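Each chain, letter by letter, is given below.
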Amino acid sequence: MSGVQTLTVGADEGEQRLDRWLKRRFPQVTQGMVEKFCRKGELRVDGKRVKSGDRVAPGQQVRIPPLPDAAPPPPTRVEGIADADAEMIRDCVLWKDEHVIALNKPPGLPSQGGSGQGNRHVDGLTEALKFGYKERPVLVHRLDKDTSGVLLLARTPRVARRLSEAFRHRNTRKIYWAIVAGVPQPLMGTIRYGLVKTGGRDAEKMRCVHPNEVDKTEGAKRATTDYAVLDRLASRAAWVALVPITGRTHQLRAHMAEIGHPIIGDGKYGGSGQENLGDGWGAQLGGDISRKLHLHARRITFEHPITGKPVTIEAPLPAHMAKSWATMGWKETDVPADPFEEQE
């Protein structure tokens, strides 16, 4: 391993992404290593914390943590999976031990195969996440295709059973971050609309049912979501934390749309072409704000299925959401990790 070093961005290197600059200088560095260095604050530019996608300019000073001396051995080829996909899914690993793997699922990658999902999905790539085990890890919950964030996999059948049971009995706590149209009032509350499939061409789309009508509506299931506004952009948009007390399909997206504050970029529930002009509705903000869905599984806390100790894992924002946060002037460190605990 090398020691800590500080290098100056050369005049001939121009402006470029930090991760690309570092990997050109040090070919043995992987994307996963860069993300880890940034998360832990070990990689800095001019003394400041940075993200992998930030740009460096000639003359800037880059602090580089200890690096491996030689390039790591090439990854084992995985039959049936493209090398690029195998590297991508390995770079998504946030945390792992002998029993559990936590991924930061990128937006656009389905959790599992299904209607319209194609063959490229997390479940189909788990062969690349065996890390020496005979059996491939197993998904114990899922995220929508366009939702990013923490996703847990069990490395053995016993752990899969225990984690699945914890999810069924709601012994896990998940906090999502989203940008929604307008600013919900009150600033903290609970949504209790039931959900039922619409029955249209979109087999997964849900519609909300008033709590008093759930028992009278065939196929409807009760659903509960806690929300809290963390910051706002005048009356046009709000950064919210969402906790799904139940785990229904599209629950957060349908619930926020039902109260008039759909998640930005949600074409299914918010109207993909409708621009928000303030005070709610409209799934687009225009300007530099991406049209992709702004919903991210930020944090999960669960009891370790073997040790019994609590484990909390946080996932950095995907690139399109990080850019939106920067445009809004919002900082991840400015809000409590669990705003609901502050009120308890």
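What counts and how
- Residues numbered from 1 in each chain as written.
- Predicted model: local features only at pLDDT ≥ 70, side-chain atom pairs only at ≥ 80, totals over all residues.
- Heavy atoms only, no water.
- Helix = DSSP H or I, 4+ residues; strand = E, 2+ residues; numbered from the N terminus.
- Rg over C-alpha atoms; globule rule 2.2 N^0.38 Å.
- Buried < 20%, exposed > 50% of the residue type's maximum accessible area, 1.4 Å probe, protein only.
- Areas by Shrake-Rupley, 256 points an atom, 1.4 Å probe, with all protein chains shown as cover.
- Lys, Arg positive; Asp, Glu negative; His and termini not counted.
- Charge placed at Lys NZ, Arg CZ, Asp CG, Glu CD.
- Contact = heavy atoms within 4.5 Å.
- Core = buried A, V, L, I, M, F, W, Y, C linked by side-chain atoms within 4.5 Å.
- Salt bridge = Lys/Arg side-chain N within 4 Å of Asp/Glu carboxyl O.
- 1 Å grid on protein atoms, 1.4 Å probe; cavity = no way out; pocket = protein on both sides within 12 Å on 5 of 7 lines; lining within 4 Å.
- Points joined across faces, edges and corners; volume = space filled by probe spheres on them.

With respect to the overall build of the protein chain
Alright, step 1. From N to C terminus, the protein chain includes eight helices and 18 strands.
Alright, step 2. Radius of gyration (C-alpha) of the protein chain: 21 Å, near the 20 Å computed for a compact globule of 344 residues.
Alright, step 3. In the protein chain, which comprises 344 residues, the proportion classed as buried is 47%.
Alright, step 4. As presented, the protein chain carries roughly 17400 Å² of accessible surface, and 46% of it is formed by carbon and sulfur atoms.
Alright, step 5. Here the protein chain contributes 52 positive and 42 negative side-chain charges, whose respective centroids are spaced 2 Å apart.

Some details on the side chain of Ser324
Alright, step 1. Looking at the secondary structure, you find Ser324 in helix H8 (residues 319–328).
Alright, step 2. The class for Ser324 is buried, based on a relative accessible area of 0%.
Alright, step 3. With near-sequence residues (within four places) excluded, Ser324 lies in contact with Ile179, Ile289, Ser290 and His294.

What to know about H8
A turn of α-helix holds 3.6 residues, and therefore any two residues three or four places apart point the same way.
Alright, step 1. Within H8 the residues assigned to the buried category are His320, Met321, Ala322, Ser324, Trp325 and Met328.
Alright, step 2. In this structure, the buried residues of H8 make contact with strand S10 (148–154), strand S11 (172–181), strand S15 (225–233), strand S16 (237–244) and strand S17 (295–303).

A short note on the nonpolar core
Alright, step 1. The biggest cluster of nonpolar side chains holds 34 residues, and the ones touching the most others in it are Ile89, Leu103, Leu242, Ile263 and Leu295.
Alright, step 2. Each residue touching Leu242, except ones within four places of it in the same chain, is listed here: Lys174, Ile175, Tyr176, Ala178, Thr225, Asp226, Tyr227, Leu252, Met256, Ile263 and Leu295.
Alright, step 3. Grouped together as the second largest cluster of nonpolar side chains are 21 residues, Ile179, Leu230, Trp239 and Met321 included.

A word on the pattern of salt bridges
It is possible for side chains of opposite charge to pair when their charged atoms get near one another.
Alright, step 1. Within this structure, the stated rule accounts for 14 salt bridges.
Alright, step 2. Its salt-bridge partner being Asp215, residue Arg222 comes within 3.1 Å of it at the nearest N-O pair.
Alright, step 3. Classification of Arg222 as partly exposed rests on a relative accessible area of 41%.
Alright, step 4. When its relative accessible area of 67% is taken as the criterion, Asp215 is described as exposed.
Alright, step 5. Here Glu332 ties to Arg298 by a salt bridge, and the two come within 3.0 Å at their closest N and O atoms. Separated by 34 residues along the polypeptide, Glu332 in the segment after H8 and Arg298 in strand S17 bring together distant segments of the chain. Arg298 matches Glu332 in its accessibility class, with the two residues each being buried.

Side note on the layout of surface pockets
Alright, step 1. Considered as a void within the structure, the largest pocket measures approximately 1700 Å³ in volume.
Alright, step 2. Taken together, 42 residues line the largest pocket, and the ones lying closest to its centre are Glu35, Lys51, Pro316, Leu317 and Ala322.
Alright, step 3. Secondary-structure elements contributing two or more residues to the lining of the largest pocket are helix H2 (31–39), helix H3 (83–91), strand S7 (93–96), strand S8 (100–105) and H8.
Alright, step 4. Among the elements that make up the lining of the largest pocket, the one with the highest residue count is H8 (seven residues).

Remember that the coordinates give geometry; whether it matters functionally is a separate question.
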